[in-house]
Amino acid sequence: MNSTERVRATIIGQPIDRQPIYGWVSFNLGNEITARWGSVEAFEDKYEFDIAHLFGGPDSFDFSVINSIAPVGSEDLTPNLLVDRPIFVSPNNIEDYERLRVDLAHHKARERFCYVQTPGFFEQFNTVFGIENHLMWLALYPDELNELYRRQAEWTIQFADHCIDMGIDMIHISDDWGAQKDIMFSPKLWWSIIYPHLKTVVDHVHSRGAFCSLHSDGCVMKVAD
């Protein structure tokens, strides 16, 4: 049983020969590991990591367009100003995936299960509005945000297709909804303008035979199954 087989079997609840090994160490311990082992890659090989958490590909937003409307993060930048504007970068420029392709080849040579991270909806638009403004816009502009989230879902599906075509095993969506003790906005709002677009992405990834996973900070129990 190689690493990819081991992790896939773990996810779907089938018997495995041993517990898969993984630690997300490159972003927070990269310097320390490199000083001791020579590189993060050498550390991963030493301990026979089964999983690789990858980043890469194009960014969603064309910030030159957004800043021409109003400064990013300012209270003047409201969702209604963005709905009909070309704020998204094309996810179809293949050269934007080259770094991801190189990293994938490295880990697949070791037969690892590879997943790539991509932002969700609330988390992604926090980079445009700032979290405090975004929370306010959820109350004031739910219809406009619903449309922007729909466009983000279309972008993510195209991004996911390119990744799956390359051989990525799982699309990992990062969308922080929770604070320490509760979700940061109304569960009713989540069900109406986040869940439908999340489901669209997840259903598409599953239709391609790949896995989909979610990261969300904080307490999200009110919208958990």
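For the structure itself, look to the data block above.
Residues numbered from 1 in each chain as written. Predicted model: local features only at pLDDT ≥ 70, side-chain atom pairs only at ≥ 80, totals over all residues. Heavy atoms only, no water.

(A) Structural detail: the nonpolar core. Membership of the largest hydrophobic core comes to 52 residues, with the highest contact counts inside it found for Ile171 and Trp177. If sequence neighbours within four positions are ignored, Ile171 has contacts with Val116, Thr118, Ala160, Cys163, Ile164, Val205, Phe211, Cys212 and Ser213. With six residues, the next largest nonpolar core counts Val7, Phe113, Tyr115 and Met170 among its residues. (Core = buried A, V, L, I, M, F, W, Y, C linked by side-chain atoms within 4.5 Å. Buried < 20%, exposed > 50% of the residue type's maximum accessible area, 1.4 Å probe, protein only. Contact = heavy atoms within 4.5 Å.)

(B) Focus on unusual backbone geometry. At Glu48, a residue that is not glycine, the phi angle is positive and equals roughly 55°. Take Glu48: it is sitting in the loop between helix H3 (40–46) and strand E1 (51–54). Of note, Glu111 is a non-glycine position whose phi angle comes to about 60°, a positive value. Given the relative accessible area of 42%, Glu111 is considered partly exposed. (Helix = DSSP H or I, 4+ residues; strand = E, 2+ residues; numbered from the N terminus.)

(C) Broad picture of the environment of Tyr195. Within the fold, Tyr195 resides in helix H10 (residues 195–207). Overall, Tyr195 belongs to the partly exposed group, its relative accessible area being 29%. Separated by 175 residues in the primary sequence, Tyr195 and Pro20 place their C-alpha atoms 30 Å from one another.

(D) Layout of helix H7 (residues 131–140). Those residues of H7 not exposed but buried are Asn133, His134, Trp137 and Leu138. Down the axis of H7, the buried side of the element spans an arc of 145°, and every buried residue falls inside it. Across H7 from its buried face, at more than 90 degrees, point the exposed residues Glu132, Ala139 and Leu140. At its buried positions, H7 is contacted by helix H6 (122–129), helix H8 (142–166) and helix H9 (187–193). (Arc of directions from axis to C-beta.)

(E) Main features of the packing of aromatic side chains. The full count for this structure, using the stated rule, is 25 aromatic pairs. Ring geometry for Trp37 versus Phe43: centroids 6.0 Å apart, planes at 65°, classification edge-to-face. Note on Trp37: relative accessible area 31%, which makes it partly exposed. With a centroid separation of 6.1 Å and an interplanar angle of 50°, the aromatic rings of Phe113 and Phe211 are classed as tilted. Separated by 98 residues along the polypeptide, Phe113 in strand E2 (residues 113–119) and Phe211 in strand E4 (residues 211–215) bring together distant segments of the chain. (Phe/Tyr/Trp six-rings, centres within 6.5 Å; stacked < 30°, edge-to-face > 60°.)

(F) Highlighting the packing of H8 against H10. Contact geometry of H8 with H10 gives a least axis separation of 9 Å together with a crossing angle of 15°. Here H8 lies roughly parallel to H10, going by the angle between them. Crossing hand, H8 versus H10: right-handed. Between H8, through Asn146, Tyr149, Arg150, Ala153, Thr156, Ile157, Ala160, Asp161 and Ile164, and H10, the contact on the second element is made entirely by His197, Thr200, Val201, His204 and Val205. Residues that form the contact of H8 with H10 fall into these classes: seven nonpolar, five polar and two charged. (Axes fitted to C-alpha atoms, helices over the stretch in contact; angles between N-to-C directions. Parallel < 35°, antiparallel > 145°, perpendicular 65-115°, else oblique. Left-handed = near helix turned anticlockwise from the far one by under 90°. Nonpolar A, V, L, I, M, F, W, Y, C, P; charged D, E, K, R; others polar.)

(G) Just the environment of Trp190, in detail. Inspection of the secondary structure puts Trp190 in helix H9. On the basis of relative accessibility, which here comes to 4%, the residue Trp190 falls in the buried class. Linking Trp190 and Cys212, residues 22 residues apart in sequence, is a C-alpha distance of 19 Å. Filtering out sequence-adjacent residues up to four positions away, Trp190 remains in contact with Trp177, Ile183, Phe185, Tyr195, Pro196, Leu198 and Val223.

Without other data, these values stay purely geometric and don't point to any function.
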